[in-house]
Amino acid sequence: MEIVESILTENPCFKAGRKIQVKGLMLHSVGCPQPSAEVFVHRWNNAASARACVHAFIDGNTGKVYQTLPWNHRAWHCGGSGNNTHIGVEMCEPGCIKYTGGASFTCSDRESALATVKRTYDTAVELFAYLCKQFNLDPLANGVIVGHKEGHDRGIASGHADPEHLWSGLQSGYTMDGFRKDVGAAMCRPDPNAPMSETATLPSSSGEMSSSIMPAPIAPTPITPAPIAPPPVSPTPAPAPVPTGDFTISDQGVELIARFEGCRLEAYKCPAGVWTIGYGHTAGVKEGDTLPSQDAAKALLKEDVKKYSNYVNDYLKKGIISFPINQQQFDALTSFCYNCGNGNLQRLVSGRDAATVAEKMLLYNKGGGKVLPGLVRRREEERNLFLS
């Protein structure tokens, strides 16, 4: 996740300077066919914009977050008392929709629209997980994370239908209930998606063996996996690099990730209160669930990693990764993305050749301001795989 600071210093809301005690987060969508966050930033950063001001916009083209107010500033985002308690975030909407009245719209390119919606949804999950950690919020608690429509139903916001009108109108499958669960699941992993530079640090790890934050011990005693030997180096020459974005992570890549992630074969509640199993898998997990083996946990991990593999493929297709890559390089970048987040992957690869990427990868080795041996080893293994 990349946060672009774009504070609306000329907006009357910013100049009012009122602060809030953050008790919740409200998700909006902009209600017009405009995917560019910069359009709203430029339009609202003036003294005449006295009607509305939000804390952030999520760009529909890039997924970047444009922060327009300090998080603890009182915004004018919901037309009700929620302004006094909730941070307000707007997701930009696809340019290929056309409103026909109220919350109804038509769409000329559903595939493109769904891609935009997925981009903003994924970033919103990451941002809300980050903010919940910043302000010690439970995403699953009643009234903590709400959509604008839900805010109206609670009597704290004006009568709008966003954001679910957009999700349902495109038959995307997204809901606010699912969104809250996804935020909770994101909080069960380390926080690599917080804003970061190559001289910044990953969040503190609870141990040197893993870059992940393991949950506090609970009964039953966690099953510690036996060390997994690195896969043997094959004498077969590596396949020729290809520039397409159609890779899937290999078993070797999954093994690399698994070696640095904690595994539990019995369901446990992570710090965000979400039932979790295996290597951090949350979808459909309930109390009492078990896995028969580490192989079963790895199968779930392979499914979960697809999201991060898609980020790498997307950057290949868009030319953000400007050099052709092979399977080993794809696996290494997917492992890096899984641990450090999509935004940091983009910073790592943008405008760089393969040799520079391999060199810069080693800089992402800190947690809590300190170099962690576990992260040093992970970066070294990813780099070695990348160069193999």
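Residues numbered from 1 in each chain as written. Predicted model: local features only at pLDDT ≥ 70, side-chain atom pairs only at ≥ 80, totals over all residues. Heavy atoms only, no water.

1. Regarding the overall build of the protein
(1) Moving on: Helices and strands together make up the secondary structure of the protein, namely 12 helices and 12 strands.
(2) Moving on: When burial is assessed residue by residue, the protein has 49% of its 388 residues classed as buried.
(3) Moving on: Long-range contacts, defined as pairs at least 24 residues apart, comprise 72% of the intrachain contacts of the protein with a sequence gap of at least 6.
(4) Moving on: Accessible area for the protein stands at about 17,100 Å²; split by element, carbon and sulfur atoms hold 52% of it. (Helix = DSSP H or I, 4+ residues; strand = E, 2+ residues; numbered from the N terminus. Buried < 20%, exposed > 50% of the residue type's maximum accessible area, 1.4 Å probe, protein only. Contact = heavy atoms within 4.5 Å. Areas by Shrake-Rupley, 256 points an atom, 1.4 Å probe, with all protein chains shown as cover.)

2. Section: the pattern of salt bridges
(1) Moving on: Applying the stated criterion to the full structure yields 14 salt bridges.
(2) Moving on: Two residues, Arg 378 and Glu 261, come together in a salt bridge whose shortest N-O distance is 2.9 Å. Taken together, the residues span a long stretch of sequence, with Arg 378 in helix 12 (residues 373–387) and Glu 261 in the loop between helix 7 (251–259) and strand 9 (264–269) at a distance of 117 residues.
(3) Moving on: On the basis of relative accessibility, which here comes to 0%, the residue Arg 378 falls in the buried class.
(4) Moving on: Its relative accessible area of 6% is what places Glu 261 among the buried residues.
(5) Moving on: Among the charged side chains, a salt-bridge network with shared partners connects Glu 261, Arg 378, Arg 379 and Glu 382. (Salt bridge = Lys/Arg side-chain N within 4 Å of Asp/Glu carboxyl O.)

3. Brief notes about the sheet that holds strand 1 (residues 3–5)
Backbone-to-backbone hydrogen bonds pair the strands of a sheet. The strands run either parallel or antiparallel.
(1) Moving on: Spatial strand order, 1-4-3-5-2-8: six strands in an open sheet with mixed pairing. With one partner strand each, in any of the chains shown, strand 1 and strand 8 (145–147) form the two edges of the open sheet. With strand direction ignored, the average angle separating the axes of adjacent strands in the sheet is 25°.
(2) Moving on: One ladder, built from three bridges, connects strand 3 (residues 56–58) with strand 4 (residues 65–67); its direction is antiparallel. By the bridge assignment for strand 4, Ile 58 is matched with Val 65. (Pairing = 2+ DSSP bridges. Axes fitted to C-alpha atoms, helices over the stretch in contact; angles between N-to-C directions.)

4. Structural notes on the confidence of the model for the protein
(1) Moving on: Confidence along the protein averages 84 in pLDDT terms, with 84% of residues attaining 70 or more.
(2) Moving on: Confidence drops under pLDDT 50 across residues 191–197; counting only partners more than four residues distant or on other chains, this segment forms 26 contacts.
(3) Moving on: Here residues 199–243 scores under 50 on pLDDT; set against residues more than four positions off or in separate chains, the count is 82 contacts. (pLDDT = per-residue confidence, 0-100.)

5. Focus on the packing of helix 8 (residues 294–318) against helix 10 (residues 342–349)
Packed helices, taken two at a time, are described by their axes: the angle between them and the distance between them.
(1) Moving on: Relative orientation of the contacting elements helix 8 and helix 10 amounts to 35°, with a least axis distance of 11 Å. Crossing handedness for the pair helix 8 and helix 10: right-handed. Contacts between helix 8 and helix 10 pair Tyr 311, Val 312 and Tyr 315 from the former with Asn 342, Leu 345 and Gln 346 from the latter.
(2) Moving on: Here the residues of the contact of helix 8 with helix 10 sort into four nonpolar, two polar and no charged. (Left-handed = near helix turned anticlockwise from the far one by under 90°. Nonpolar A, V, L, I, M, F, W, Y, C, P; charged D, E, K, R; others polar.)

6. Concerning the layout of surface pockets
(1) Moving on: By volume, the second largest pocket is sized at about 700 Å³.
(2) Moving on: Along the wall of the second largest pocket there are 30 residues; nearest its centre are Val 30, Trp 44, Ala 52, Glu 90 and His 160.
(3) Moving on: Put simply, the parts of the chain that give the lining of the second largest pocket at least two residues each are strand 2 (24–29) and helix 2 (37–44).
(4) Moving on: Across the lining of the second largest pocket, the residue classes break down as 14 nonpolar, 12 polar and four charged. (1 Å grid on protein atoms, 1.4 Å probe; cavity = no way out; pocket = protein on both sides within 12 Å on 5 of 7 lines; lining within 4 Å. Points joined across faces, edges and corners; volume = space filled by probe spheres on them.)

7. So, the nonpolar core
(1) Moving on: Judged by nonpolar contacts, the single largest core of 40 residues is most densely connected at Leu 301, Ile 321, Leu 333, Leu 345, Leu 348, Val 357 and Phe 386.
(2) Moving on: At the level of elements, helix 7, strand 9, helix 8, helix 9 (327–340), helix 10, helix 11 (354–361) and helix 12 are the ones that each hand at least two residues to this core.
(3) Moving on: Setting aside residues up to four positions removed in sequence, Ile 321 forms contacts with Val 312, Tyr 315, Leu 316, Leu 333 and Val 349.
(4) Moving on: The next biggest cluster of nonpolar side chains, apart from the first, holds 36 residues, and it includes Val 65, Met 91, Leu 127 and Leu 170. (Core = buried A, V, L, I, M, F, W, Y, C linked by side-chain atoms within 4.5 Å.)

8. Digging into the side chain of Gln 67
(1) Moving on: Assignment of secondary structure puts Gln 67 in strand 4.
(2) Moving on: Judged by relative accessible area, which is 10%, Gln 67 ranks as buried.
(3) Moving on: Once you skip the residues sitting within four places of it in the chain, Gln 67 turns out to touch Ile 3, Val 4, Glu 5, Ser 6, Ile 7, His 55 and Ala 56.

9. A word on the packing of helix 8 against helix 9
(1) Moving on: As a packed pair, helix 8 and helix 9 sit with axes 9 Å apart at the nearest point and diverge in direction by 105°. When the axes of helix 8 and helix 9 are compared, the pair comes out roughly perpendicular. In this structure, helix 8 contributes Leu 301, Val 305, Tyr 308, Ser 309, Tyr 311, Val 312 and Asn 313 to the contact, and helix 9 contributes Phe 330, Leu 333, Thr 334, Cys 337 and Tyr 338.
(2) Moving on: Each residue belonging to the contact of helix 8 with helix 9 can be placed in one class, and the counts come to nine nonpolar, three polar and no charged. (Parallel < 35°, antiparallel > 145°, perpendicular 65-115°, else oblique.)

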